[in-house]
Every structure is written in C-alpha cells, then in structure tokens.
Amino acid sequence: MDKYVINGGKPLYGEVTVSGAKNAAVAIIPATILAQGPCLLENIPEISDVGHLFEILTMMGATVRPVSGTSVFIDTSDLSSHKVPEDLARQLRASYYFLGALMGRFGEADVPLPGGCDLGVRPIDQHIKGFEALGASVNIGHGYVGIKAENPVGSHIYFDVVSVGATINVMLAAVRAKGLTILENVAKEPHIVDLANFLNSLGADIRGAGTDVIKIHGAEQLHGTNYSIIPDQIEAGTYMVAAAATKGNVLIRNVIPKHMEAITEKLVKTGVSVVEYDDAIRVSGETDSFQHVNVKTMPYPGFPTDMQPQMTTFLSLAEGTSIVTEGVWDNRFKYISELCRMGASISVDGKVAVVQGVPALSGASVRAADLRAGAALVIAGLAANGKTEIEEIHHIERGYTNLVEKLRSLGADIERISVPDAGPACTG
Ligand code: EPU
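Everything numeric in this text was worked out from a predicted model, so none of it was measured.

Enquirer: Help me understand the overall build of the protein, please; the structure alone is not making it clear to me.
Expert: The secondary structure content of the protein amounts to 13 helices and 23 strands. For the protein, whose C-alpha radius of gyration is 22 Å, the value lies close to the compact-globule estimate of 22 Å for 428 residues. The C-alpha extent of the protein, read off along each of the three principal axes, is 65 × 45 × 45 Å. Buried residues in the protein amount to 57% of all 428 residues. Long-range pairs, those at least 24 residues apart, make up 73% of the contacts in the protein with a sequence separation of at least 6. Summing over all exposed atoms, the protein offers an accessible surface of approximately 16600 Å²; the carbon and sulfur share of this is 49%. Computing the positive centroid from 34 side-chain charges and the negative centroid from 47, the protein places the two 2 Å apart.

Enquirer: In this structure, what is going on with the environment of methionine 260? I would like to understand it.
Expert: Tracing the sequence through the fold places methionine 260 in the loop between β14 (249-253) and α9 (261-270). Beyond its immediate sequence surroundings of up to four residues, methionine 260 is in contact with Gln233, Ala236, Gly237, Met240, Val255 and Ile281.

Enquirer: So what exactly am I meant to see when it comes to helix α8 (residues 233-245) here?
Expert: Count 3.6 residues to each turn of an α-helix, and residues three or four apart come out pointing the same way. A rise of 1.5 Å per residue sets the reference length of α8, with its 13 residues, at 18 Å; its end C-alpha atoms lie 18 Å apart and thus fit the reference within 8%. Buried residues dominate α8, accounting for 13 of its 13 residues. Trailing α8 by a residue or two, lysine 247 shows a phi angle of about 60°, which is positive.

Enquirer: When you look at the layout of surface pockets in this model, what are you seeing that I'm missing?
Expert: Empty space among the atoms becomes visible once a probe the size of a water molecule is rolled across them. In this model, the largest pocket occupies a volume close to 990 Å³. Together, 43 residues line the largest pocket, and Arg122, Val164, Gly165, Val328 and Trp329 are the ones closest to its centre. Secondary structure elements with two or more residues in the lining of the largest pocket: α1 (22-31), α5 (125-133), α6 (164-174), α8 and α12 (371-383). Residues of the lining of the largest pocket, tallied by class, amount to 21 nonpolar, eleven polar and eleven charged.

Enquirer: It is not clear to me how the packing of α8 against helix α10 (residues 308-315) should be interpreted in this structure. Could you clarify?
Expert: Helix-helix packing is characterised by the crossing angle of the two axes and by the distance between the axes. Their axes nearest at 10 Å, the elements α8 and α10 cross at an angle of 10°. Classed by the angle they form, the pair α8 and α10 counts as roughly parallel. For the pair α8 and α10, contact is made by Ile234, Thr238, Val241, Ala244 and Ala245 and by Gln310, Met311 and Phe314, respectively. Counted by class, the contact of α8 with α10 contains six nonpolar, two polar and no charged residues.

Enquirer: Looking at this structure, I do not really get the site of the ligand. What am I missing?
Expert: Taken together, 25 residues are adjacent to the ligand, and Ser163, Val164, Asp306, Val328 and Arg372 come closest. Contacts to the ligand include lysine 22, whose side-chain N or O atom sits 3.0 Å from an oxygen atom. Between an oxygen atom of the ligand and a side-chain N or O atom of aspartate 306, the distance comes to 2.6 Å. The fraction of the free accessible surface of the ligand (830 Å²) that becomes covered by protein chains is 89%. Structurally, the ligand is housed in the largest pocket. Among the elements of the structure, α1, α5, α6 and α12 are those that each provide at least two residues to the shell around the ligand. It is α5 that contributes the most residues to the shell around the ligand, three residues altogether. Each of domain 1 (2-19 + 231-418) and domain 2 (22-228) accounts for three or more of the residues forming the shell around the ligand.

Enquirer: Honestly, the side chain of threonine 401 in this entry has me stumped. Any pointers?
Expert: If you trace the backbone, threonine 401 turns up in the loop between β22 (386-391) and α13 (403-409). Separated by 3.1 Å, the side chain of threonine 401 and the backbone nitrogen of glutamate 46 make a polar contact. Apart from the residues within four sequence positions on either side, threonine 401 is in contact with Ser19, Pro45, Glu46, Ile47, Glu235 and Lys406.

Enquirer: Can you help me understand the environment of isoleucine 393 in this one?
Expert: Inspection of the secondary structure puts isoleucine 393 in the loop between β22 and α13. Residue classification places isoleucine 393 among the buried positions, given a relative accessible area of 1%. Between the C-alpha atoms of isoleucine 393 and serine 347, which are 46 residues apart in sequence, the distance is 25 Å. Setting aside its immediate chain neighbours within four residues, isoleucine 393 contacts Asp2, Lys3, Tyr4 and Arg416.

Enquirer: How do you make sense of empty space enclosed by the protein when you look at a structure like this?
Expert: Under the counting rule described, the total for this entry stands at three cavities of 30 Å³ or more. Of the voids in this model, the largest cavity is the one considered here, and its volume is about 90 Å³. If you list the elements that add at least two residues to the lining of the largest cavity, you get α1, α7 (190-201) and α8. Sort the elements by how many residues they give to the lining of the largest cavity and α1 lands first, with three residues. Its residues assigned to classes, the lining of the largest cavity comprises six nonpolar, three polar and three charged. Residues from two domains meet in the lining of the largest cavity; each of domain 1 (2-19 + 231-418) and domain 2 (22-228) gives at least three. Lining the second largest cavity are Thr238, Tyr239, Ala242, Ala375, Val378, Ile379, Leu382, Leu403 and Leu407.

Enquirer: Help me out: how do you make sense of the confidence of the model for the protein in this one?
Expert: Caution applies to low-pLDDT regions: their predicted coordinates should not be interpreted in detail. Mean pLDDT over the protein stands at 95; residues scoring 70 or higher make up 97%. Below a pLDDT of 50 lies the segment residues 424-428, which in the model reaches zero contacts outside its immediate sequence neighbourhood of four places, other chains included.

Rules used in this analysis
- Starting afresh in each chain, residues are numbered from 1 along the sequence in its written order.
- Note on the predicted model: pLDDT of at least 70 is required for a residue's local features to be given, and 80 or more for side-chain atom pairs to be given and counted; whole-chain, interface and lining totals, by contrast, use all residues.
- Water and hydrogen atoms were dropped before computing side-chain values, which therefore reflect all heavy atoms in the structure.
- Secondary structure follows DSSP: runs of H or I at least 4 residues long count as helices, runs of E at least 2 residues long count as strands, and numbering of each begins at the N terminus.
- The globule rule is 2.2 Å times the number of residues to the power 0.38, and the radius of gyration it is compared with is taken over C-alpha atoms.
- Buried residues are those whose accessible area, probed at 1.4 Å on protein chains only, stays under 20% of the maximum for their type, while exposed residues exceed 50% and partly exposed ones sit between those limits.
- Two residues qualify as a contact provided that any one of their heavy atoms is within 4.5 Å of a heavy atom in the partner residue.
- The Shrake-Rupley method, run with a 1.4 Å probe, gives the accessible areas here. Residue values count only the displayed protein chains as cover.
- For this count, His and the chain ends are skipped, Lys and Arg are scored as positive, and Asp and Glu as negative.
- Taken as the charge location is NZ of Lys, CZ of Arg, CG of Asp or CD of Glu.
- A helix is expected to span 1.5 Å multiplied by its residue count minus one.
- A pocket here means an open set of points on a 1 Å grid, computed over the protein atoms alone, that has protein on both sides within 12 Å along at least five of seven lines. A cavity is instead a set of points where a 1.4 Å probe fits but cannot get out; residues with an atom within 4 Å of a point line either one.
- Grid points are joined across faces, edges and corners, and a volume is the space filled by probe spheres set on the points.
- Each residue is assigned to one of three groups, with Ala, Val, Leu, Ile, Met, Phe, Trp, Tyr, Cys and Pro labelled nonpolar, Asp, Glu, Lys and Arg labelled charged, and all others, Gly among them, labelled polar.
- In this description, a line fitted to the C-alpha atoms serves as the axis of each element, helices being fitted only across the stretch in contact, and the angle between N-to-C directions of two axes falls anywhere from 0 to 180 degrees.
- Relative orientations are named as follows: roughly parallel for angles under 35 degrees, roughly antiparallel for angles over 145 degrees, roughly perpendicular for angles from 65 to 115 degrees, and oblique for any other angle.
- A cutoff of 4 Å decides nearness: a residue is near a molecule or strand if any of its heavy atoms lies inside that distance of it.
- The definition of a polar contact used here is a pair of N or O atoms within 3.5 Å, where within protein one atom must be able to donate a hydrogen and the other to accept one, and adjacent residues in sequence count solely through side-chain atom pairs.
- To decide whether a molecule occupies a pocket or cavity, check its atoms: if more than half lie within 2 Å of the grid points, it is inside.
- These domain limits were set by an automatic method or by a database of domain assignments.
- The predictor's confidence in any single residue is recorded as pLDDT, a number from 0 to 100.

What follows is the structure, encoded as structure tokens:
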C-alpha cells in the first residue's frame, strides 16, 4: 500500500518534459500484432499499463525487448496464441485492443472483458457492432469475448456514439479486411490520428483520421516499422494545471500546442498566462487570484474528460462559482468527496459539479479512486497548505511516467513511501 506524501504550498518552477501518450501507446502496442515484421517504437511512456501490455504480448509468444531509454523492439511474427491471459488483461482497459488486432491478424480472438478505471458503465456494444459488420461472429461468455471471422470484408459502419475505443478497435480489425471500410461518427482524439499514422507506416491505407469519417482500404500484408509516439496531451495538461494551481511558472516541453487548445483556452479565461512555442508551453499562475470559468467535457476537440478532475481541483481555488459538466462518463466525480476533505466547496448533482472557490486547500489523508482522480489529488496536495497523504497510488502510476521525479525537479516536496500492508480493513 504505497503512498505519496506531499508537503504542499510551494509554487512549481522550472522545466518538465512530457512523455509519450498513454492512450496512443496502449493502442499501438497491441497493433504491432498486425505487423509481419519487427517494430521499433520510440517515446514509449514508462507506466504500468504499458508494462502489462508487454507482459501480455510476451506470454502470447512475441519478442519484446527494451532498446534504449524509451525505445522498445517488438516482434510479433512468432505469436503463437490468439488468447489473452485473464489476470493481466483485467488490469487495464486497453487490453480490449487485442480483439481488433488479433481479428485483423488471425481472424480469431479470445480476450477477457477489460478492466480500467471505474467511471460508470463502460459498454463495448459499438466495438461488437463494428466487428460483426466486418463479418465476425462475436460471443461473450465466462468473462471472455470470442471472435471468429474467417474472411473479414470491408463495410460501412456508423457508430451510434463517439467512442475512442470502438474507433480504434474497428480500425485494427478493418485494416486487413478485404475491400473498403468506411467508419462514420468516429472519435477524433490525437491518439486516433497517431494510431492511423502508425498503421500507415506498416503499409496500411487509412485516410481521414482526425475527421468524422475514416476510410480504410484493406491491405493484404503489413510490414514492420520504426515509429515515435506523440506526446501525452493529458500529462501535459496535468502539468499545466499543476503549475497554475501552485501559482508557479513552468515550461512544459515535448508538447503539441494544438492538442492543448481546449485546456489552454479555459486556463487563460481564469487569468493564467499561457505562452505557446513550437513544441513547448509556458504556464504561469503568478497572480493574486484566478477567476471562475464553466467547463463541459466533450470528445476531442472539446475539453477532455481526462482533464476534468484536475481542472475542477484548480477551479476549487478560483474566485466565484464554476460549473463543471461531465459530458462523457456517468460517474467521474468520485474524487470530489476527497477534495472536500481538503477544504474544497463542491456539490455534485448527477453529471454537474458546482464549484464554489475557496481561498486555500488544506492537506489531508485521501485516496485516489482512479487515474485522473489521483492526478487531481496530487495537484490539490501540491497547492494545499500542509501535508497530504495519497493512498491507492497504483491508479496514478498506470498513466504518469516518473511523476514523483518530475514534480521534485520542479521543486515539489513529494515523496513515494512504502507502507507494509495492514491486512484486510473492516469496512463496516
Ligand atoms: N460507449 C458506449 N458503447 C461503446 C463504447 C463506448 O456507449 O461500445 C460510451 C461510453 O460509455 C462513454 C462514451 O461512449 O460514455 C465514450 O467512451 P469511449 O469508448 O470513448 O472511452 P474508452 O475508449 O473506453 C478512452 C480512454 C479514456 C478516456 C475516454 C474518453 C483509453 C484506454 N481510455 O476510453 O481514458 O476517458 O477514451 O476520451 O484510451 C484515462 O486515460 O484516464 C481514461 C479513462
């Protein structure tokens, strides 16, 4: 039961470099199954979700070898199984990308229903709709999704909801299906474009990624590649908000400023200074007070749901009342009760949080309910007066590379400490 201990109230100063994007890496790593040749992936984030995907690939017969720093060699030519082991798959959401990748390579897949953050109901009906349209039969039983598709053929698929996961999974399944596949009402997140670029570098023919319609001409064979993953939009956004909330001044490097526009716009409205460079952003919160602003999360290019907890935490310190509306997930306000333990004044009604700004937060013992909830509590701890202890940090380490080291290099007083397991707790 390791935890973070933060002595807050110190502005962050200096420079930090953003790592490769989690949600691109967790799609591209399973996608290497489609390559009939070795792949060298660069700018891979050092996070536990990635570690689990490497373990799954290795158990299935792939060669996975770190090359240097953040580069990894992956060769799936000798993959001997189309079944994904259950224990590992349940550790993360992205294990479901093995469905599309294995269907694309073998026409067959057996993948456990995925895990991931508990953000409310997380159906996969749109993934299944896409696989079936390509000619697959899909069966769910004993906790597994089974796919059989002898001769997948291209199809015209209109998604009922905009889904990152379904867009990615069906792209993976369609990339080698015979003929033309047209996907409509797709997600447009930067990691969708990154996956399409990766697949095209293998010899796929995918056009339109980043727009509402993606067209895929099935390729008979795909080869190996060298590919560098884009920087993480949400990690960058988290450091932007941390700099603002602590009233610091931080240069955030390895950023694509275009990906940050929705976050930048809201921060600027509160009075934070944001200066964009080619591949960096400087954020300064060196001001007496911040102004309230309303935020509604939406699929890209809207304000990202994965930044909602961090932004709400910052707004809890802004003057006046901010309204934060969660437009993607049913249940993404579980961290609010923990923030309130730290002195925030926030009430939640369904998908809307009413944030009444307070002059300061105070340190407390809190628990991370999920990945971004944990990031929000780290920001709260950095900004708060006194000591904050955050438990359940394994959620945070699913998605942030070297968080403690990076924050310490910015002057934060944060430590990761190991605590012996106290045994089962009485929960009443
Ligand atoms: N949905 C359906 N049916 C489906 C799929 C999705 O109704 O078949 C609904 C969901 O219930 C949700 C909405 O569509 O209300 C959007 O879900 P989406 O499929 O886009 O989410 P996801 O693919 O499961 C990814 C990220 C999440 C991020 C969301 C939204 C990965 C591994 N996860 O999840 O990231 O919140 O997109 O941008 O890429 C995180 O990194 O902290 C995280 C949770």
